[in-house]
Number of protein chains: 2
Amino acid sequence: MGLLQDIQKDVSLKQLDIKQLNSLSEEIRGEIIDVVKNNGGHLSANLGMVETTLALHYTLDLPKDKLVFDVGHQCYTHKLLSGRYDKFKTIRQSGGLSGFPEKDESPYDTFTTGHAGTSIASGIGMCQARDLLGEDYCVAVVVGDGSFSNGLNMEALSSSSTKPKNFIVILNDNGMSISKNKTGLYKYISKTTTGNGYIRGKKVIRRAFGRWVAKILGKFRDFLKRIFNRNNYFEIFGFKYVGVIDGNNVKEMTKTLKRVREACKEKAVLLHVKTVKGKGFAEAEEKSDAYHGVGKNFDLSPCSFSSKLGKSLEGIMQKDKRVVAVTAAMTDGTGLSIIEKTFPERFFDVGIAEEYAVTASAGMAVSGLKPVVALYSTFLQRAYDQVMHDVCLQNLPVVFCVDRAGFNGADGKTHQGLFDISLLSHLPNMTLLCPTSESDVEDALNYALSLNSPVAIRYPKSVNKLDVQMPSFKDGKWVQISQGDELSVICVGGRTLALALDFAKESGKNIQIIVARKIKPLDTECLQTIACDKVFTIEENAIEGGFGQKVASYFAEHKPNVKVTCFGATDKFIAHGTVEEQMQTCGLTVQNLIEKSNQ
Amino acid sequence: MGLLQDIQKDVSLKQLDIKQLNSLSEEIRGEIIDVVKNNGGHLSANLGMVETTLALHYTLDLPKDKLVFDVGHQCYTHKLLSGRYDKFKTIRQSGGLSGFPEKDESPYDTFTTGHAGTSIASGIGMCQARDLLGEDYCVAVVVGDGSFSNGLNMEALSSSSTKPKNFIVILNDNGMSISKNKTGLYKYISKTTTGNGYIRGKKVIRRAFGRWVAKILGKFRDFLKRIFNRNNYFEIFGFKYVGVIDGNNVKEMTKTLKRVREACKEKAVLLHVKTVKGKGFAEAEEKSDAYHGVGKNFDLSPCSFSSKLGKSLEGIMQKDKRVVAVTAAMTDGTGLSIIEKTFPERFFDVGIAEEYAVTASAGMAVSGLKPVVALYSTFLQRAYDQVMHDVCLQNLPVVFCVDRAGFNGADGKTHQGLFDISLLSHLPNMTLLCPTSESDVEDALNYALSLNSPVAIRYPKSVNKLDVQMPSFKDGKWVQISQGDELSVICVGGRTLALALDFAKESGKNIQIIVARKIKPLDTECLQTIACDKVFTIEENAIEGGFGQKVASYFAEHKPNVKVTCFGATDKFIAHGTVEEQMQTCGLTVQNLIEKSNQ
């Protein structure tokens with residue numbers, strides 16, 4: 001690790017020559033592979049961006065110049081080059097580096113990211129601030145072609161026909177979102193380049209009038225170029241378009257970025273680079289979607305709830321022709337690959353466009369289909385208004401499978417699924433279900449589809465095997481797991497049930513345990529039967545606006561004298577670590593429950 | 001009202017000739033002006049769309065074919081032509097017609113709308129359903145150029161490079177969102193037409209090589225056309241582009257739509273029509289933004305809270321150079337016109353792009369500015385994830401002025417501001433304020449800016465003059481208005497305070513009234529001092545996840561024995577009517593409070 005260590009100390013990156021930069025990029029690549037093998041993390045995207053990031057650090061004057069990574073899952077090289085090499089082995093671990101750019105972690109991380117689509121908007125905002133405050137630096141944002149067509153990025157792109165100076169958008173074109181990029185915009189991007197356009201133009205002429213005419217028409221070169229330029233998508237939106245550059249070629253990238261850094265002083269530049277996702281790691285290049293995010297030792301095994309969803313849905317779609325599946329660039333993650341194979345024409349992966357996924361599903365639902373929309377909890381947040389305004393307001397039969405609900409461990413703050421109960425449970429017409437284990441998933445799905453109205457089913461990545469036999473899900477009525485007269489514990493989801501069981505065992509108290517599998521509406525019949533004057537609620541969601549507060553306010557109105565304590569995510573953003581560590585941070589531990597139960 | 005009445009009965013619209021269609025459109029225009037004068041409503045947009053809508057009803061086979069109106073504020077002609085003429089005078093009134101397309105109101109209203117950007121996505125969804133179910137009809141969606149550049153529409157547009165057949169997108173180009181359309185996409189739209197492109201091309205050649213060359217180059221016509229077609233934004237995204245057509249010319253529109261109806265059987269069509277917003281009503285044509293939505297008798301007077309915000313913000317921006325103002329096509333509505341005039345370079349109207357408005361503001365905030373983002377409560381919903389992920393997660397000093405919070409009267413279901421407390425109060429780092437009257441606004445704004453962290457200030461359109469003297473807002477600590485030992489009423493906002501005061505008077509009970517002007521965090525010191533064993537909370541927000549449930553769960557944990565009853569919007573979507581009627585629907589009446597207080 002010679003050079004990589006050197007540049008942390010006395011050697012400046014800018015002193016290195018191309019040969020050294022190339023060997024440095026190999027060092028970086030090796031480091032990323034080692035650490036991801038140890039800690040898990042985003043592999044493909046980071047391997048693809050090594051040379052481009054290196055060139056950016058080599059060319060720009062960081063951290064005076066500002067660098068924003070869209071989504072941020074490609075920032076590992078950036079972290080290695082900004083004084084965080086020593087800590088790099090701690091990435092995604094509690095107390096260690098975040099796997100995403102984190103404003104409070106380093107002055108080099110200008111803007112915290114994790115969700116797609118925020119780079120161009122935030123970049124423009126930074127430029128506007130810089131210009132109003134009379135400061136002088138360059139803002140560069142790196143955005144993948146997948147994120148590029150997210151609505152937020154497109155709003156920023158089309159917001160105005162002029163863009164700020166000293167602004168560079170690096171479009172990292174690897175042909176993937178998380179899975180393959182099939183959007184129309186991408187087709188356009190991969191087509192529209194001045195160079196290619198000009199070449200196509202010449203070919204057309206040749207075909208039309210033969211070589212000799214083409215020759216005579218040499219003088220038309222500039223004219224044709226003008227036409228293509230004027231019609232270039234990016235020029236229209238106020239950018240000088242530069243491309244296509246090989247983003248895995250350090251020499252070409254540094255050379256180009258030097259020119260671009262100068263050019264952007266006159267006009268914002270969109271630099272179109274092609275990179276290979278997974279570059280330098282055979283398996284990852286081959287299956288870059290599978291290797292997008294991996295577990296320790298490159299574990300690719302699918303999440304248990306997700307694969308259960310895929311299998312259950314396949315069976316249901318066999319029986320009911322009206323059921324279709326929708327996702328937003330989360331086909332593998334949500335377990336729908338099997339649906340894509342079995343029912344290609346009834347499967348819709350819309351790319352990183354959650355809003356479109358939900359509103360298109362509403363359109364399908366008003367016209368007789370029963371869409372099942374599978375999204376991660378944190379990304380469903382992007383489509384809150386579509387769920388409310390397009391689905392719930394019209395009371396349409398759309399089923400939302402809210403994957404990765406609850407604590408999500410190593411991905412940290414931007415990827416927690418800790419708000420969906422607060423978001424969805426105040427929506428009229430919405431039913432909210434929470435399976436306790438994988439074995440509930442199929443029943444929950446069947447029940448959801450039977451309701452013919454909006455339903456959300458939230459579940460985590462996985463739960464540990466429970467040492468308790470749950471009755472079948474049926475209609476999600478609450479289930480009493482154990483009787484007791486000292487304290488009632490109402491829990492939501494398998495992890496909280498496991499916690500409640502341990503708590504009951506270790507506290508030695510006489511505890512009634514109830515499992516709530518239907519969060520909205522509340523099972524008030526069950527609440528009525530509770531005889532204890534002390535109630536705990538436990539959920540993997542923010543306490544604020546969560547399940548517990550609804551239970552608490554039920555008691556406050558209908559059965560005062562009952563003391564209700566809510567346990568869940570405390571009112572802060574929960575950083576990366578293991579799920580256990582995150583639950584500990586929020587006081588979701590046996591010890592804390594015992595303490596509180598003795599107060 | 002001859003023809004308009006006739007077509008409700010025996011005469012079929014399709015039998016009319018152009019001359020009759022023209023006089024019918026004049027009848028319709030007159031009817032719209034009369035009724036809007038009586039009931040208030042959306043004037044400019046509806047006047048602009050008379051002829052186009054008439055042509056659509058004349059050409060399409062409705063309701064078998066499906067017609068979707070983006071936003072929906074241009075649907076009056078559609079309602080008059082679909083058997084709702086008799087009820088039209090009741091529009092926007094309780095129990096009467098909705099001012100927007102309403103699925104449950106008529107089979108002609110395929111999709112309920114109110115928010116911008118949903119038409120292309122829902123239209124594509126409908127086509128996909130139709131094709132999977134083997135049905136046969138045409139889906140046409142009408143979208144204004146303002147909505148067209150909303151992220152959701154752009155996601156739908158770019159979702160795939162092929163679009164369903166029998167799908168027509170009518171781009172209604174009137175150069176306005178609500179205020180003038182300044183987006184880059186619009187510049188593109190207003191530029192990109194095959195015809196114009198070709199003409200420009202010819203001109204360029206003439207300029208470059210003189211008339212004689214241009215003549216010789218005649219044979220290049222097709223070649224040039226091919227180039228322009230290939231580069232046409234809409235063709236790229238799978239549409240056949242037809243335009244520009246005069247959307248206020250019935251003859252031209254019916255002729256074109258007949259051709260388009262045929263053409264779309266082969267390929268989806270984007271029909272670009274130009275219309276005049278406010279057409280046929282001089283003042284509305286002149287000031288189409290002011291006349292976008294008007295009160296009874298065309299009342300244009302601004303909302304009291306909004307204009308107070310504008311004035312206060314102007315003063316603050318005089319003093320603090322870092323403060324900037326941001327909105328999303330709500331400049332007049334949010335009272336920021338004065339800012340646009342006084343500080344044009346520190347004012348940003350981004351068009352109908354709430355997500356972009358919020359994330360760009362986050363970018364400004366990380367770079368030293370203090371953005372004040374003014375949006376209507378119902379539209380802020382569009383940017384929930386940006387508020388959470390880009391502002392709160394980084395704890396940035398962005399102040400959200402949440403206008404039109406609470407019940408909104410005649411606009412109905414899609415425009416209620418009844419979810420923002422539930423949405424914003426579970427966000428870590430967020431402070432949530434609720435001024436009681438206009439006189440609180442400036443203090444609230446100053447306090448918000450002093451916190452240097454995310455703050456939302458929610459307020460309604462207006463409140464009646466309160467017959468109580470409130471102390472100055474300061475830091476928003478809760479205020480006791482009256483002492484009492486029978487019952488404590490904690491209210492949020494001026495209307496609920498007025499209700500509480502009447503309730504206290506009429507009930508003759510000994511009631512303590514507390515006003516909560518800081519909703520998050522709760523004023524627990526004040527809650528501690530409450531001695532009554534009965535507490536009412538009243539808010540203009542959904543009870544679910546609202547202020548009351550937080551108060552209730554506070555008591556349930558810290559002071560059981562206190563019975564807490566929450567009053568607010570019940571768990572359903574509240575239809576159009578007066579604010580008083582809507583409050584009544586939710587039991588926010590003196591009588592109901594008295595009943596509940598006697599239980």
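It should be emphasised that the depicted structure is a prediction, and the values quoted were computed from it without experimental measurement. (Residues numbered from 1 in each chain as written. Chains lettered and ligands numbered in written order. Predicted model: local features only at pLDDT ≥ 70, side-chain atom pairs only at ≥ 80, totals over all residues. Heavy atoms only, no water.)

> Explain the domain arrangement of chain A here, please?
Interfaces are frequently sized by the accessible area removed from exposure as the parts join. Assigned domains of chain A: these are domain 1 (3–196 + 230–296), domain 2 (304–458) and domain 3 (479–597). Spacing between the C-alpha centres of domain 1 of chain A and domain 3 of chain A amounts to 43 Å. (Domains from an automatic or database assignment.)

> Teacher, can you tell me more about the pairing of strand S8 (residues 323–327) of chain B here?
As a general feature of sheets, a regular strand has side chains that alternate between the two faces. Residue and element names in this part refer to chain B. Among the five residues that make up S8, five are buried, leaving the element largely enclosed by the rest of the structure. Alternating positions in S8 separate into two faces, Val-323, Ala-325 and Thr-327 on one and Val-324 and Val-326 on the other, with burial throughout. Note: S8 against strand S10 (residues 370–376), five bridges, orientation parallel. Each bridged residue has a counterpart across the sheet, and for Ala-325 the counterpart in S10 is Val-372. As judged from the three bridges shared by S8 and strand S9 (residues 347–349), these two strands associate in the parallel manner. Paired with Val-326 across the bridge in S9 is Phe-348. Handedness of the β-α-β unit built from S8, helix H16 (residues 337–342) and S9 comes out right-handed. (Buried < 20%, exposed > 50% of the residue type's maximum accessible area, 1.4 Å probe, protein only. Helix = DSSP H or I, 4+ residues; strand = E, 2+ residues; numbered from the N terminus. Pairing = 2+ DSSP bridges. Right-handed = clockwise from strand over helix to strand, strands pointing away.)

> Is there a simple way to think about the nonpolar core in this case?
In globular proteins that are soluble, nonpolar side chains generally tend to be buried together. Of all hydrophobic cores here, the largest spans 179 residues; its most connected members are A:Phe400 and B:Phe400. Every residue in contact with B:Phe400, bar those within four places of it in the chain, is listed here: B:Val358, B:Val373, B:Leu380, B:Val387, B:Val391, B:Met430, B:Val455, B:Ala456 and B:Ile457. (Core = buried A, V, L, I, M, F, W, Y, C linked by side-chain atoms within 4.5 Å. Contact = heavy atoms within 4.5 Å.)

> Which parts of the structure should I look at to understand unusual backbone geometry?
Among all residues save glycine, negative phi is the norm, and among peptide bonds the norm is trans. Residue and element names in this part refer to chain A. Look at the link from Lys-520 to Pro-521: it is a cis peptide, with omega at -5°. With respect to the helices and strands, Pro-521 occurs in the loop between strand S17 (518–520) and helix H23 (524–529). Even without glycine at this site, Asn-297 takes up a positive phi of about 55°. With respect to the secondary-structure elements, Asn-297 resides in the loop between strand S7 (293–294) and helix H15 (304–319).

> I would appreciate a short explanation of the sheet that holds strand S5 (residues 240–246) of chain B in the present structure.
Strands belonging to one sheet form pairs held by backbone hydrogen bonds; the direction of such a pair is parallel or antiparallel. Residues and elements named next belong to chain B. The five strands are arranged S2-S3-S4-S6-S5 in an open sheet whose pairing can be described as parallel. The strands lining the two open edges of the sheet, one partner per strand, are strand S2 (66–69) and S5. Geometrically, the sheet is characterised by an average inter-axis angle of 20° between neighbouring strands, direction not taken into account. Running over the sheet, helix H13 (residues 250–263) touches strand S4 (167–173), S5 and strand S6 (269–274) and is turned about 170° from S5. (Axes fitted to C-alpha atoms, helices over the stretch in contact; angles between N-to-C directions.)

> For this particular structure, what's the right way to read the pattern of salt bridges?
Any two side chains of opposite charge can pair if their charged atoms end up close together. All names here are of chain A. For the coordinates displayed, the defined rule picks out 48 salt bridges over all chains. With its nearest N and O atoms 3.0 Å apart, the salt bridge here joins Glu-31 to Lys-89. Taken together, the residues Glu-31 in helix H2 (residues 18–39) and Lys-89 in the loop between helix H5 (76–80) and helix H6 (119–132) connect sequence positions 58 residues apart. Residue classification places Glu-31 among the buried positions, given a relative accessible area of 2%. (Salt bridge = Lys/Arg side-chain N within 4 Å of Asp/Glu carboxyl O.)

> Before we go on, may I ask you to explain the packing of helix H22 (residues 494–507) of chain B against helix H26 (residues 590–598) of chain B in this structure?
Helix-helix packing is characterised by the crossing angle of the two axes and by the distance between the axes. Residues and elements named next belong to chain B. Between H22 and H26, the least distance of the axes is 9 Å, while the angle of their chain directions is 60°. Between H22 and H26, the angle is such that the two are oblique. The two elements H22 and H26 cross, and the hand of that crossing is right-handed. Along its contact with H22, which presents Leu-499, Asp-502, Phe-503, Glu-506 and Ser-507, the element H26 presents Val-590, Leu-593, Ile-594 and Ser-597. The residue inventory of the contact of H22 with H26, partitioned by class, reads five nonpolar, two polar and two charged. (Parallel < 35°, antiparallel > 145°, perpendicular 65-115°, else oblique. Left-handed = near helix turned anticlockwise from the far one by under 90°. Nonpolar A, V, L, I, M, F, W, Y, C, P; charged D, E, K, R; others polar.)

> Help me understand the sheet that holds strand S17 (residues 518–520) of chain B in this model?
Residue and element names in this part refer to chain B. Ordered by their spatial adjacency, seven strands build an open sheet running S9-S8-S10-S11-S13-S12-S17, and the pairing between neighbours is mixed. The sheet is open, and its two edges are formed by S9 and S17, each paired on a single side. Going across the sheet, the axis of each strand differs from the next one's by a mean of 20°, ignoring polarity. Packing against the sheet, helix H15 (residues 304–319) makes contact with S8, S10 and strand S11 (399–403), and its axis sits at approximately 150° to S8. Of the strands in this sheet, S8, S9, S10 and S11 touch helix H17 (residues 354–366), which is tilted by about 165° from S10.

> I keep staring at the relation of the copies chain B and chain A and nothing clicks. Help me out?
Two chain copies, one operation linking them: a rotation about an axis together with a shift along it. Relative to chain A, chain B is turned by 180° and slid 0.0 Å along the rotation axis, the superposed coordinates differing by an RMSD of 0.0 Å. In the structure described here, the two chain copies are related by an operation that fits a two-fold rotation axis. Most of the interface of chain B is mirrored in chain A: 100% of its interface residues are interface residues there too. (Least-squares fit on C-alpha atoms with pLDDT ≥ 70 in both.)

> How should I be thinking about the interface of chain B and chain A in this particular structure?
Contacts between chain B and chain A engage 115 residues on the former and 115 residues on the latter. For the pair chain B and chain A, the number of links is six salt bridges. Here A:Glu544 and B:Lys550 are joined by a salt bridge, their closest N and O atoms 3.3 Å apart. Across the chain B-chain A interface, the total number found is 26 residue pairs in polar contact (both at pLDDT 80 or more). Looking at the side of chain B that touches chain A, its residues break down into 50 nonpolar, 39 polar and 26 charged. (Polar contact = N/O pair within 3.5 Å; in protein donor to acceptor, adjacent residues only side chain to side chain.)

> Is there a simple way to explain the packing of aromatic side chains in this structure?
The full count for this structure, using the stated rule, is 29 aromatic pairs over all chains. With 5.9 Å between their ring centres and 80° between their planes, A:Tyr554 and A:Phe555 make a pair best called edge-to-face. For the pair A:Tyr554 and A:Phe555, a shared accessibility class is recorded, and that class is buried. An aromatic cluster is defined as three or more aromatic residues linked by ring pairs; in this entry it consists of A:Phe148, A:Phe234 and A:Tyr241. Between B:Arg346 and the ring centre of B:Phe343, over which it is positioned, the NZ or CZ distance is 4.7 Å. (Phe/Tyr/Trp six-rings, centres within 6.5 Å; stacked < 30°, edge-to-face > 60°. Lys NZ or Arg CZ within 6 Å of the ring centre and 35° of its normal.)

> When you look at the packing of helix H2 (residues 18–39) of chain B against helix H4 (residues 50–59) of chain B in this model, what are you seeing that I'm missing?
Residues and elements named next belong to chain B. Where H2 meets H4, the closest approach of the two axes is 10 Å, and the angle between their N-to-C directions is 125°. Here H2 lies oblique to H4, going by the angle between them. Once H2 is placed against H4, the crossing between them reads as right-handed. Across the interface between the two elements, Leu-21, Leu-24, Ser-25, Glu-26, Ile-28, Arg-29 and Ile-32 of H2 pack against Val-50, Glu-51, Leu-54 and Tyr-58 of H4. Of the residues contributing to the contact of H2 with H4, the split by class is seven nonpolar, one polar and three charged.

> Would you mind going over the side chain of B:Gln74 with me for this structure?
All names here are of chain B. Note on placement: Gln-74 falls in the loop between S2 and helix H5 (76–80). A polar atom in the side chain of Gln-74 sits 2.9 Å from the backbone oxygen of Asp-70. If near-sequence neighbours (up to four positions away) are discounted, Gln-74 is found in contact with Ala-45, Asn-46, Met-49, Phe-69 and Val-142.

> Could you clarify how one ought to interpret the state of the cysteines in this entry?
Any covalent bond linking the sulfur atoms of two cysteines counts as a disulfide. All names here are of chain A. Per the counting criterion, the structure on display carries zero disulfides over all chains. With no disulfide partner, Cys-401 has as its closest neighbouring cysteine sulfur the one in Cys-434, 13 Å distant. Owing to a relative accessible area of 1%, Cys-401 belongs among the buried residues under this scheme. (Disulfide = S-S within 2.5 Å.)

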